[in-house]
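# Residue-level structure breakdown
As a plain string of letters, each chain reads:
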Amino acid sequence: MIIMKAALYDKAGNKSGEVDLPAVFATPYRPDVIRRAVLVQQSKSRQRYGSDPLAGKRTSAHYHGSRHYRFSMMNKETSRMPRIHGKSAGMYNFRARFAPHAVKGRRAHPPKAEKIWERDINQKEKLLALKSALAAGARMELVARRGHMTEFSPIILMDEFEGVAKTKEVVAALEKIIPKELARCAVKKVRAGKGKTRGRKYKKKRGPLIISAGNCKMLKAARNVQGVDAVSVKDMNVELLAPGTDAGRMLILTRPALKKLEEMK
């Protein structure tokens, strides 16, 4: 069910009425387009990696396996591979090198740093994904499926909320509006497996996304709340609206941000 009205709250967290949601919240739910847009965005931040192009090739080993050749390796009771040989080879004389199946040889198909990981998406498709992911925040069945502990989404805050500069004021307002959701986001679990040693020891919940009209003091204050992300309408993207390609994130918007969304076509 798509909710086209949302509750309006003041700075203290008290309900002060209802507001109509703009037409963008009536956009059909398109999980396929959302998933594609999120994966494209993630590909932009993927770091290139590859092996040294000369790895396994820094050797004097060469091949003498041709037939009818004076120094041929035919009938020598040994495999015909690039080998180290010569007067200065010493203990390494006739040791196989260079070939992929030789000790200390090169890799057959190593990862190459010049590979392009970035993917592209059409502008209209990207805009559709953004609008669809935004509208999914007003569908309570999708919001509940993501695990958010709330009875309504999105939540609209009055203009004065954008002037809040302290995290404790943000927390005080949110604790009055969505206490169960904040309690859910406060839980931090130790990850199972190797990830503990790789800089991601803890698993945390993704809470609500706060959207403001522009850069304001509240953005910096709200980012300190565990599980909460804060962003302006200009910097809003599909990955924030649908973390892990799963749309239906709980939304908290300021009234000026709601007015800016009315301009979205």
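Presented here is an overview of the structure given in this document. (Residues numbered from 1 in each chain as written. Predicted model: local features only at pLDDT ≥ 70, side-chain atom pairs only at ≥ 80, totals over all residues. Heavy atoms only, no water.)

## Focus on the overall build of the protein chain
For clarity, the cut-off: Numbering goes from the N terminus for both helices and strands, where a helix is a DSSP run of H or I of at least four residues and a strand is a run of E of at least two. In this treatment the radius of gyration is a C-alpha quantity, and the globule benchmark scales as 2.2 Å times the residue count to the 0.38 power. Type-normalised accessible area, obtained with a 1.4 Å probe on protein chains alone, sets the label of each residue: buried when under 20%, exposed when over 50%, and partly exposed for intermediate values.
A count of helical and extended segments in the protein chain gives eight helices and ten strands. Against the 2.2 N^0.38 benchmark of 18 Å for 265 residues, the protein chain shows a C-alpha radius of gyration of 29 Å, more extended than a compact globule. If you line up the protein chain on its principal axes, its C-alpha atoms span 95 × 40 × 30 Å. The burial tally for the protein chain puts 40% of its 265 residues in the buried class.

## Here we look at helix 1 (residues 31–44)
Selection rule: Expected helix span is computed as 1.5 Å times (number of residues minus one). Any two residues having at least one pair of non-hydrogen atoms within 4.5 Å are treated as being in contact.
Under the 1.5 Å per step criterion, the end-to-end length of helix 1 is 20 Å for 14 residues, consistent within 8% with the ideal 20 Å. Looking only at helix 1, the buried set comprises V33, I34, A37, V38, V40 and S43. Buried residues along helix 1 sit in contact with helix 2 (123–136) and helix 7 (238–241).

## Considering the packing of helix 1 against helix 2
Our working rule: Lines fitted to the C-alpha atoms define the axes, with helices restricted to the stretch that makes contact. Angles between their N-to-C directions range from 0 to 180 degrees. Angle categories: roughly parallel below 35 degrees, roughly antiparallel above 145, roughly perpendicular from 65 to 115, and oblique for all the rest. In a left-handed crossing the near helix is turned counterclockwise from the far helix by less than a right angle, and in a right-handed crossing that turn is clockwise. Classification convention: Asp, Glu, Lys, Arg as charged; Ala, Val, Leu, Ile, Met, Phe, Trp, Tyr, Cys, Pro as nonpolar; all other residues, Gly among them, as polar.
The contact between helix 1 and helix 2 brings their axes to 8 Å, and the two run at 115°. Classed by the angle they form, the pair helix 1 and helix 2 counts as roughly perpendicular. The two elements helix 1 and helix 2 meet at a crossing, and its hand is left-handed. Counting all contacts with helix 1, which are made through V33, I34, R36 and A37, the residues of helix 2 involved are E125, L128, A129, S132 and A133. Tallied by class, residues from the contact of helix 1 with helix 2 come to six nonpolar, one polar and two charged.

## Describing the packing of aromatic side chains
What counts is decided by this rule: Stacked, tilted and edge-to-face pairs are distinguished by plane angle, under 30 degrees for stacked and over 60 for edge-to-face with tilted covering the rest, among Phe, Tyr and Trp rings (Trp via its six-membered ring) whose centres lie within 6.5 Å. Any Lys NZ or Arg CZ found within 6 Å of a ring centre and within 35 degrees of that ring's normal is scored as a charge over the ring.
The tally for this structure, following the rule as stated, stands at two aromatic pairs. A centroid spacing of 6.2 Å and a plane angle of 15° characterise the contact between Y49 and W117, whose relative ring orientation is stacked. Linking Y49 in the loop between helix 1 and strand 3 (83–84) with W117 in the loop between strand 4 (95–96) and helix 2, this pair joins segments that are 68 residues apart in sequence. When its relative accessible area of 44% is taken as the criterion, Y49 is described as partly exposed. By relative accessible area, W117 is classed as buried at 18%. In this structure, K115 is placed above the aromatic ring of W117, and the distance from its NZ or CZ to the ring centre is 4.2 Å. Between K188 and the ring centre of Y202, over which it is positioned, the NZ or CZ distance is 4.3 Å.

## Quick notes on the pattern of salt bridges
We count it as follows: Salt bridges are identified by distance alone: a Lys or Arg side-chain nitrogen within 4 Å of an Asp or Glu carboxyl oxygen.
Enumeration over the complete set of coordinates arrives at 14 salt bridges. Between R146 and D246 there is a salt bridge whose closest N-O contact spans 3.8 Å. Linking R146 in the loop between helix 3 (140–145) and strand 5 (155–157) with D246 in the loop between helix 7 and strand 10 (251–254), this pair joins segments that are 100 residues apart in sequence. Through salt bridges with shared partners, a single network forms among K44, E118 and D120.

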